[in-house]
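# Observations on chain architecture
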Amino acid sequence: MSDERPQKPLPEEQLSRETTSLEKAPPVSGPGASAAPALPGQPVAAPALRASDADRERVVERLRDAVAEGRLDMEEFQERLEAAYASRTYAELEPLTRDLPAVGGAPAGAAAVAAGPGQEQAAWPERIGGAGTSSTAVAVMSGFQRKGQWTVPARFNAVAFWGGGDLDLREASFSQREVVITCIAVMGGIQITVPPGVEVDVRGIGVMGAFDQRGNPGPLQPGAPRVVVTGFAMWGGVEIRVKPLKSDRENKPRRRKEL
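What comes next concerns the included structure. (Residues numbered from 1 in each chain as written. Predicted model: local features only at pLDDT ≥ 70, side-chain atom pairs only at ≥ 80, totals over all residues. Heavy atoms only, no water.)

## Structural notes on the environment of Met74
By the element assignment, Met74 lies in helix H3 (residues 74-86). For the pair Met74 and Arg64, spaced 10 residues apart in the sequence, the C-alpha separation amounts to 9.8 Å. (Helix = DSSP H or I, 4+ residues; strand = E, 2+ residues; numbered from the N terminus.)

Listed below in structure tokens is the structure:
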């Protein structure tokens, strides 16, 4: 018999054999199993990111814009609205607006270029937020006026009885993305002026009176507020006008008269 004994494998050979055995071993499953570390060069699947309340609200705002543009009917809007508020991750929110273009039908990157100089949308993010300057305006056989730089609260009440009122929102800030103005006009009138690009939703009821919207708001501007006008008019009226500021009109190029 020979006294020679088998030599111990070198460290390199032992490492090679252990690696080969790990590759051939079946995957371990069950509640106690842990995920195997990713090998170099293999992609690592990131977990789905959680969506915040602000993310859900941005999607809801885009869905509202799509309804105003005629891209979604009310049934589709309700379905997507419920899905948006029930979503927990970005992966669940993304399909809800996948088939919708940017506001106004233009690509998101070109929105600022299409607006041109003199437009207001570049300043909208800075004009939304803060506390309302006042929440009520009343005119009884008199008048009231809100114009210039002031902050519209989330809910504003305007009453005109044998009088008149003027609410000018062209230079105003807004406490929230959507504000509601409730107007009561009895044998009086209330005039609301908004700049172009702002979404206006008129819901008031007139009895021997009227809620009248004049002027074309034009394409909705990204980030612009939404103004809901509601209330009651009897022997009176509420007029909503779309009118740019004088400085905006001056910035528009003038056509030379042909001789």
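## Brief notes about empty space enclosed by the protein
On inspection of all chains with the given rule, the structure shows 1 cavity of 30 Å³ or more. By volume, the largest cavity is sized at about 40 Å³. Lining the largest cavity are Glu61, Arg64, Asp65, Arg177, Glu178, Glu199 and Arg226. Here the lining of the largest cavity takes 3 residues from helix H2 (residues 53-68), the largest share from any one element. (1 Å grid on protein atoms, 1.4 Å probe; cavity = no way out; pocket = protein on both sides within 12 Å on 5 of 7 lines; lining within 4 Å. Points joined across faces, edges and corners; volume = space filled by probe spheres on them.)

## Focus: the nonpolar core
A general feature of soluble globular proteins is that nonpolar side chains tend to end up buried together. Membership of the largest hydrophobic core comes to 30 residues, with the highest contact counts inside it found for Leu169, Cys183, Ile192, Val229 and Val238. Put simply, the parts of the chain that give this core at least two residues each are strand E1 (136-140), strand E4 (155-161), strand E7 (178-186), strand E8 (189-194), strand E12 (226-234) and strand E13 (237-242). Apart from residues no more than four positions distant in its own chain, Ile192 is found in contact with Leu167, Leu169, Ile181, Cys183, Val229, Val238, Glu239, Ile240 and Arg241. Among the nonpolar cores identified, the runner-up in size contains 12 residues, and Val59, Leu72, Leu81 and Leu96 belong to it. (Core = buried A, V, L, I, M, F, W, Y, C linked by side-chain atoms within 4.5 Å. Buried < 20%, exposed > 50% of the residue type's maximum accessible area, 1.4 Å probe, protein only. Contact = heavy atoms within 4.5 Å.)

## A few points about the packing of aromatic side chains
To describe a pair of aromatic rings, you give the distance between the ring centres and the angle between the ring planes. For the structure on display, the rule yields 3 aromatic pairs. Between Trp150 and Phe156 the ring centres are 5.7 Å apart and the planes differ by 65°, which places this aromatic pair in the edge-to-face class. Grouping residues by exposure puts Trp150 and Phe156 together as buried. (Phe/Tyr/Trp six-rings, centres within 6.5 Å; stacked < 30°, edge-to-face > 60°.)

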